[in-house]
Amino acid sequence: MTCNETLPSLPGGVGGLSDRLAALSGRIAECGDILANYRYTLAFVRRNNIVISRTLHRQTRKAMCNIKRLHTLDCLRLKIILMEQGYGKENA
């Protein structure tokens, strides 16, 4: 799910499901922002020929693996919740 897509409205309004969807979409957006900042920073470093140590590069990549994993898992959880509610089954 991309940032430009909106979640479908769910029947029943506010409730436990809506809270779960809001929490997941918030985490997805937050992880996406972190990943975008990471990519922007690396591009800036490359463009400006800034040298960073191997240790710093490894530590940064290692930290980003966890963020990428969380982002992917949250997107998967969101899709599962939506499919359980009957959204998107035609594409499955």
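Residues numbered from 1 in each chain as written. Predicted model: local features only at pLDDT ≥ 70, side-chain atom pairs only at ≥ 80, totals over all residues. Heavy atoms only, no water.

Participant: Residues and numbers for the overall build of the chain, please.
Facilitator: Counting secondary structure elements, the chain contains two helices and zero strands. Looking at the chain as a whole, 18% of its 92 residues qualify as buried. Contacts in the chain between residues at least 24 apart in sequence constitute 78% of all its contacts with a sequence separation of at least 6. On the chain, roughly 7,100 Å² of surface is accessible, and the fraction owed to carbon and sulfur atoms is 56%. (Helix = DSSP H or I, 4+ residues; strand = E, 2+ residues; numbered from the N terminus. Buried < 20%, exposed > 50% of the residue type's maximum accessible area, 1.4 Å probe, protein only. Contact = heavy atoms within 4.5 Å. Areas by Shrake-Rupley, 256 points an atom, 1.4 Å probe, with all protein chains shown as cover.)

Participant: Could you give an account of the pattern of salt bridges, with specific residues and numbers?
Facilitator: Counted according to the given criterion, the structure contains two salt bridges. In this structure, R27 engages D74 in a salt bridge whose closest nitrogen and oxygen atoms are separated by 3.2 Å. One end of the pair, R27, is in helix α1 (residues 16-47); the other, D74, is in helix α2 (residues 54-84), and 47 residues separate them in sequence. Judged by its relative accessible area of 38%, R27 is partly exposed. Its salt-bridge partner being D74, residue R77 comes within 2.8 Å of it at the nearest N-O pair. Of this pair, R77 and D74 are both found in helix α2, three residues apart, which corresponds to roughly one turn of the helix. Using a relative accessible area of 40% as the deciding quantity, one classes R77 as partly exposed. The class for D74 is buried, based on a relative accessible area of 3%. Each member of the salt-bridge network shares a partner with another, and the members are R27, D74 and R77. (Salt bridge = Lys/Arg side-chain N within 4 Å of Asp/Glu carboxyl O.)

Participant: Could you give me a rundown of a nonpolar patch on the surface, with the residues and numbers involved?
Facilitator: There is a patch of nonpolar side chains on the surface, built from Y40, F44, I50, I52 and L56 and spanning about 460 Å² of accessible area. Residue classification places Y40 among the exposed residues on the basis of a relative accessible area of 54%. (Patch = residues over 30% accessible without salt bridge, like charges linked within 9 Å, V, L, I, M, F, W, Y side chains within 5 Å.)

By themselves these figures say nothing about function.
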